[in-house]
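Chain and residue survey
Each chain, letter by letter, is given below.
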Amino acid sequence: MVSSEKIESALKNLEEGRKSGAISSSDFYKGLMDLLLMVKEELQKEDIDEELAKRQIPFLLSFIKNQIKEFKKRGN
């Protein structure tokens, strides 16, 4: 199974678990964070071209800045 299929399958399993009530929101969140690590590892293996990087940077910046703001709200 290629990386994208593996990650997509894991996401589908998480979503199904959440929808059925088998996992809590907290566990769903943690599972999504695990998927982000998988995505990170796979993307770092690729040779990302400049255009793709430029398109993805705003999304990543927004996500990271939001997480920092949330950390601060929780006193971290």
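As a reminder, the structure under discussion sits directly above these lines.
Let me begin by describing the structure that accompanies this report. Sequence order sets the numbering: in each chain, residues are counted from 1 along the sequence as written. Selection of residues for local features in this predicted model requires a pLDDT of at least 70, selection of side-chain atom pairs for listing and counting requires 80 or more, and totals for whole chains, interfaces and linings are taken over all residues. Excluding hydrogens and water, the side-chain values take into account all heavy atoms of the structure.

A separate point is the pattern of salt bridges. By definition, a salt bridge exists where a carboxyl oxygen of Asp or Glu is found within 4 Å of a side-chain nitrogen of Lys or Arg. Overall, the coordinates contain 3 salt bridges when judged by the stated rule. Residue Lys 45 pairs with Glu 42 through a salt bridge whose shortest N-O separation is 3.1 Å. Here Lys 45 and its partner Glu 42 are both found in helix H2 (residues 25–45), 3 residues apart, which amounts to about one turn of the helix. The class of Lys 45 is exposed, set by a relative accessible area of 63%. Lys 73 is paired through a salt bridge with Glu 70; the nearest N and O atoms lie 3.4 Å apart. With a gap of 3 residues between them, Lys 73 and Glu 70 both fall in helix H3 (residues 50–73), about one helical turn apart. For the purposes of this entry, the term helix denotes a DSSP run of H or I that reaches at least four residues, the term strand denotes a run of E that reaches at least two, and both are numbered from the N terminus. Categorising residues by exposure relies on relative accessible area from a 1.4 Å probe, with only protein chains included: less than 20% of the type maximum marks a residue as buried, more than 50% marks it as exposed, and the intermediate range marks it as partly exposed.

For Gln 44, the location among the structural elements is in helix H2. Gln 44 sits in the exposed class, given a relative accessible area of 57%. Each C-alpha atom, one on Gln 44 and one on Ile 57, is 14 Å from the other, the two residues being 13 residues apart in sequence.

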